[in-house]
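# Secondary and tertiary structure notes
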Amino acid sequence: AERFEASDVVSAVSYPGLPSHPGHAVAKRQMRRFGSVVSMTFESAAKAEAFIDAAQYIVPSTSFGGVHTTAERRARWGDSVPEGFVRLSVGCEPFDALWADIERALGAI
């Protein structure tokens, strides 16, 4: 989440583990870990789709629950979120390989 927050192509990040999250203090008191779902907003639907499409390890999915990294642009299904909003569920892939893939996908935007 911190790395997404530092990215030039991500305009907003929502993750309770970030000190910038409005519910961070409550989450810190109530949770041992902050979970594996990170939400981010890109400038447009096209950029959000480009990010998901460019990633080798991220599988587009409408629901989460598997062990692999999945992502979904929720506005596609009529959710009341910005067009560039993406939910990312981090899976079991090795971190270094997954992050390298994510950096490459961010760079493709």
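Residues numbered from 1 in each chain as written. Predicted model: local features only at pLDDT ≥ 70, side-chain atom pairs only at ≥ 80, totals over all residues. Heavy atoms only, no water.

### Quick notes on the pairing of strand S5 (residues 85-89)
For S5, the buried fraction is high: four of the five residues fall into the buried class. Sheet topology note: the strand S4 (residues 70-73)/S5 ladder contains four bridges and is antiparallel. Paired with Arg-73 across the two strands is Val-86, which belongs to S5. (Buried < 20%, exposed > 50% of the residue type's maximum accessible area, 1.4 Å probe, protein only. Helix = DSSP H or I, 4+ residues; strand = E, 2+ residues; numbered from the N terminus. Pairing = 2+ DSSP bridges.)

### Overview of the pairing of S4
The side-chain alternation of S4 yields two buried faces, one formed by Thr-70 and Glu-72 and the other by Ala-71 and Arg-73. The sheet contact formed by strand S3 (residues 59-60) and S4 spans two bridges and is parallel. Bridge pairing links Pro-60 to Ala-71 in S4.

### Focus on helix H4 (residues 95-107)
Since the α-helix packs 3.6 residues into each turn, any two residues three or four apart lie on the same face. Relative to the 18 Å expected for 13 residues at 1.5 Å per residue, H4 spans 18 Å between its end C-alpha atoms, a close match to the ideal helical length. Residues of H4 that are buried: Leu-98, Trp-99, Asp-101, Ile-102, Ala-105 and Leu-106. With its buried residues spanning 160° around the axis, H4 presents them on a single face. Along H4, exposed side chains directed more than 90 degrees from the buried face belong to Asp-96 and Gly-107. Lining the buried residues of H4 we find helix H1 (2-6), strand S1 (10-14), strand S2 (37-42), helix H3 (45-54) and S5. (Expected span 1.5 Å × (residues − 1). Arc of directions from axis to C-beta. Contact = heavy atoms within 4.5 Å.)

### A few points about the nonpolar core
Within the largest apolar cluster, 21 residues are counted, with the highest numbers of intra-cluster contacts made by Phe-4, Met-40, Phe-42, Phe-51, Ile-102 and Leu-106. When contributions to this core are tallied by element, the ones reaching two or more residues are S1, S2, H3, S5 and H4. Of the residues forming this core, the biggest block, five residues, is contributed by H4. (Core = buried A, V, L, I, M, F, W, Y, C linked by side-chain atoms within 4.5 Å.)

### Quick look at the side chain of Ser-39
Counting through the fold element by element, Ser-39 comes out in strand S2. Judged by relative accessible area, Ser-39 falls into the buried class, the value being 11%.

Any functional reading would require information that these geometric values do not contain.
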